[in-house]
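Examining the three-dimensional arrangement
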Amino acid sequence: MDAQRAQEIAGSPIMVNVTHNGTPVYIQHVDESMQTARIYPLDNPGNEREVSVANLQEHE
């Protein structure tokens, strides 16, 4: 995924199916200059982390 699409998803009121290493995640914030996103697994909101947007995958 690219940073612009991750930013669109993060700002959307519609829940989009996104995974990181096969785990469904929620995108909280995107840093386009660093190409990173602040995410957390849907089943573990306390486990926030910063990852490369390239490692995020959108599913239809």
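So, a few notes on the structure that sits alongside this text.

Calculation notes
Residues numbered from 1 in each chain as written. Predicted model: local features only at pLDDT ≥ 70, side-chain atom pairs only at ≥ 80, totals over all residues. Heavy atoms only, no water. Buried < 20%, exposed > 50% of the residue type's maximum accessible area, 1.4 Å probe, protein only. Helix = DSSP H or I, 4+ residues; strand = E, 2+ residues; numbered from the N terminus. Arc of directions from axis to C-beta. Contact = heavy atoms within 4.5 Å. Polar contact = N/O pair within 3.5 Å; in protein donor to acceptor, adjacent residues only side chain to side chain. Pairing = 2+ DSSP bridges. Axes fitted to C-alpha atoms, helices over the stretch in contact; angles between N-to-C directions. Phe/Tyr/Trp six-rings, centres within 6.5 Å; stacked < 30°, edge-to-face > 60°.

Attention shifts here to helix α1 (residues 3-11). Among all positions in α1, only A3, A6, I9 and A10 are buried. Projected onto a plane normal to the axis of α1, the buried residues spread over an arc of 120 degrees and lie on a single side. Summarising the geometry of α1, the exposed residues directed more than 90 degrees from the buried face are Q4 and G11. In this fold, the buried residues of α1 make contact with β1 (17-20), β2 (23-31) and β5 (56-59). Backbone nitrogen of Q4 and a side-chain oxygen of the N-cap are separated by 3.2 Å at the start of α1; the cap is D2.

Here strand β3 (residues 36-41) lies mainly inside the structure; five of its six residues are buried. With six bridges connecting them, β2 and β3 associate as antiparallel partners. When the sheet's bridge partners are listed, V25 is paired in β3 with P41. Hairpin geometry of β2 and β3 is characterised by an intervening segment of four residues between the two adjacent antiparallel strands and by a positive phi of about 60 degrees at Q35. Where β3 and strand β4 (residues 49-52) come together, four bridges link them in antiparallel fashion. From the neighbouring strand, A37 faces β4, where its bridge partner is V51.

Here we come to the sheet that holds β4. Pairing is antiparallel across the open sheet formed by five strands, whose spatial order is β4-β3-β2-β1-β5. Every other strand in the sheet has two partners, leaving β4 and β5 as the edge strands with one partner each. Across the sheet, the mean angle separating the axes of adjacent strands is 50 degrees when strand polarity is ignored. Both β1 and β2 contribute to a ladder of three bridges, which runs antiparallel. Of the residues in β2, the one forming a bridge with V18 is V25.

All right, on to the packing of aromatic side chains then. Per the stated rule, a full pass over the model turns up one aromatic pair. A centroid spacing of 5.3 Å and a plane angle of 35 degrees characterise the contact between Y26 and Y40, whose relative ring orientation is tilted. Residue Y26 is located in strand β2, and its partner Y40 is located in strand β3; the two are separated by 14 residues in the primary sequence. Note on Y26: relative accessible area 33%, which makes it partly exposed. Residue Y40 is classed as buried on the basis of its relative accessible area of 17%.

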